Every structure is written in structure tokens, then in C-alpha cells.
Amino acid sequence: MERMGKRIWIFAVAAAALAWRAVPARAQETYGARGFYVGGGYFGSFVHGDANNVSPPSSFKNAYGNGMGVEGFFGGPLTDGISGQIVYGLDFYGKNGRDLKAHYGTGELKFEPLARSRFSPFALAGIGVAIAEFTPSGPGAVDDTNVSFTWTVGAGLDIFVRPTVVLSPEVRLRYLKDRNSVTMFPLEVGLNATFYVHLDE
């Protein structure tokens, strides 16, 4: 995970350097146009919480380890500096024969106070549904699939490498719950790529 984290930040620094040289103007073309965006990314996921569905009960990290995840999203501008997006995320964890897959579907608002800048910091927040599929091991362990409400908050930096192509280092916190009401808070750190499509009149 440490090696993956270093690679993510190396890519982010490289994207910043490329953006500085490749985008001669600010991002008015993207934010001033009607249209939408699609994208996806790769994350490392680190969880704080308990895993009481294993025997004996343990911390989540000791039971399942750290994980990795992917996400895809679709969205578009709502007003200047605010976008709406639909996000699907999938996290994988596994250790000592135990597995967990966590699916997330969220509707989110993305806030960019410097939306017309080449380097645009952002914050996001959203709510939705999560499905946690646990496959524990050990004496007395049982499979556990749970559907629950979820929320997420996050922040990052949009880096325009082209007027319609963006790389974004991002960190986000999620909420996950099993059927025994045990709550977990996956912290995800990763890199997204976004592609804008203009629908100019």
C-alpha cells in the first residue's frame, strides 16, 4: 500500500507539471460550456473499525487487512462552481482466507470555489446505498451480506492536463455498516481521471 501511495503522488506531480506546460489558458472552455463528464479512478483503502463477524472478534485491519478499490462516475455542472455526480465504487479486502467486497452507489455534490483555474481544489459530499459482502473464516464464522445507508465526504485537486482532460488526486471517507450494526469508516486515497464532453449550441 505504501508503494501504491507513492506511485499515486508521483502521477499527481507529473500531471501538475504537464498541466503547467500543456494548458495555456484557464479552464473556461470546460466550465463555461454545457455538457457532462465521465471518469474513474483507483484507490487504496484503509479502514478503522471492528470486525465482530469473525471469531474471535478483531479489529478490521487485523481481520481483513487494507484494501484497494475502483470507482466510476458521471456528472455535470449545476451552477458555477458546483457539480452533481453519480458515483459507483467497489472496494476489495482480503486476509487469512477472509474476504470483503463493498459496493457503494452515491449521489454527490462537488464544490469548486476556484472552478476556472488550471489547478482547482474541490470538496465533495454525498449519500447513497452500500452493500457489504463479508466472507469470514474460523470457528463459528458466517457469511454476512448487508444493505445499508451510506455517506461520503472528500477533497482533492483537479489538474487540467488538457482543457477537457483532468487528473485528480483525491481522498475520501466512507461509511459502511454490517448487519450486526458494526460501523466502519474506509479512508480512500487515490487518483481519478475525468473526461469532459461539451454540448455547445
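Residues numbered from 1 in each chain as written. Predicted model: local features only at pLDDT ≥ 70, side-chain atom pairs only at ≥ 80, totals over all residues. Heavy atoms only, no water.

Mapped onto the fold, Asp158 is located in strand β7 (residues 144–162). By relative accessible area, Asp158 is classed as buried at 1%. Only 3.0 Å separates the side chain of Asp158 from the side chain of Lys110, close enough to count as a polar contact. (Helix = DSSP H or I, 4+ residues; strand = E, 2+ residues; numbered from the N terminus. Buried < 20%, exposed > 50% of the residue type's maximum accessible area, 1.4 Å probe, protein only. Polar contact = N/O pair within 3.5 Å; in protein donor to acceptor, adjacent residues only side chain to side chain.)

Moving on: the pattern of salt bridges. Opposite charge on two side chains allows them to pair when their charged atoms are near. Scanning the entire structure with this criterion turns up 7 salt bridges. Where Lys110 meets Asp158, a salt bridge forms, and the shortest distance between an N and an O atom there is 3.0 Å. Residue Lys110 is located in strand β5 (residues 98–111), and its partner Asp158 is located in strand β7; the two are separated by 48 residues in the primary sequence. For the pair formed by Lys110 and Asp158, the shared burial category is buried. Here Glu170 ties to Arg172 by a salt bridge, and the two come within 3.0 Å at their closest N and O atoms. As far as burial versus exposure is concerned, Glu170 and Arg172 are alike and both buried. (Salt bridge = Lys/Arg side-chain N within 4 Å of Asp/Glu carboxyl O.)

The next point concerns the nonpolar core. If you look at the biggest cluster of nonpolar residues, it comprises 11 residues: Val47, Tyr64, Tyr93, Leu100, Ala102, Tyr104, Ala130, Ala132, Phe134, Leu176 and Met184. Put simply, the parts of the chain that give this core at least two residues each are β5 and β6 (119–135). In contact with Ala130, other than residues within four places in its own chain, are His103, Tyr104, Asn146, Val147, Ser148, Thr150 and Leu176. Grouped together as the second largest cluster of nonpolar side chains are 6 residues, Tyr37, Phe73, Val87 and Tyr196 included. (Core = buried A, V, L, I, M, F, W, Y, C linked by side-chain atoms within 4.5 Å. Contact = heavy atoms within 4.5 Å.)

All right, on to the confidence of the model for the chain then. Averaged over all residues, the pLDDT of the chain equals 78, while 67% of them reach at least 70. No element of the chain has a lower mean pLDDT than helix α1 (residues 2–22), at 49, and none a higher one than strand β8 (residues 165–174), at 94. Low pLDDT, under 50, characterises residues 19–28; the predicted model gives this stretch 22 contacts beyond four residues in sequence or across chains. (pLDDT = per-residue confidence, 0-100.)

Mapped onto the secondary structure, Ser45 falls in strand β1 (residues 35–51). Judged by its relative accessible area of 1%, Ser45 falls in the buried class. Reaching out from Ser45, the side chain makes a polar contact with the side chain of Tyr93 at a distance of 2.5 Å. Once residues within four sequence positions are removed from consideration, Ser45 is found in contact with Asn66, Gly67, Met68, Asp91, Tyr93, Pro186, Leu187 and Glu188.

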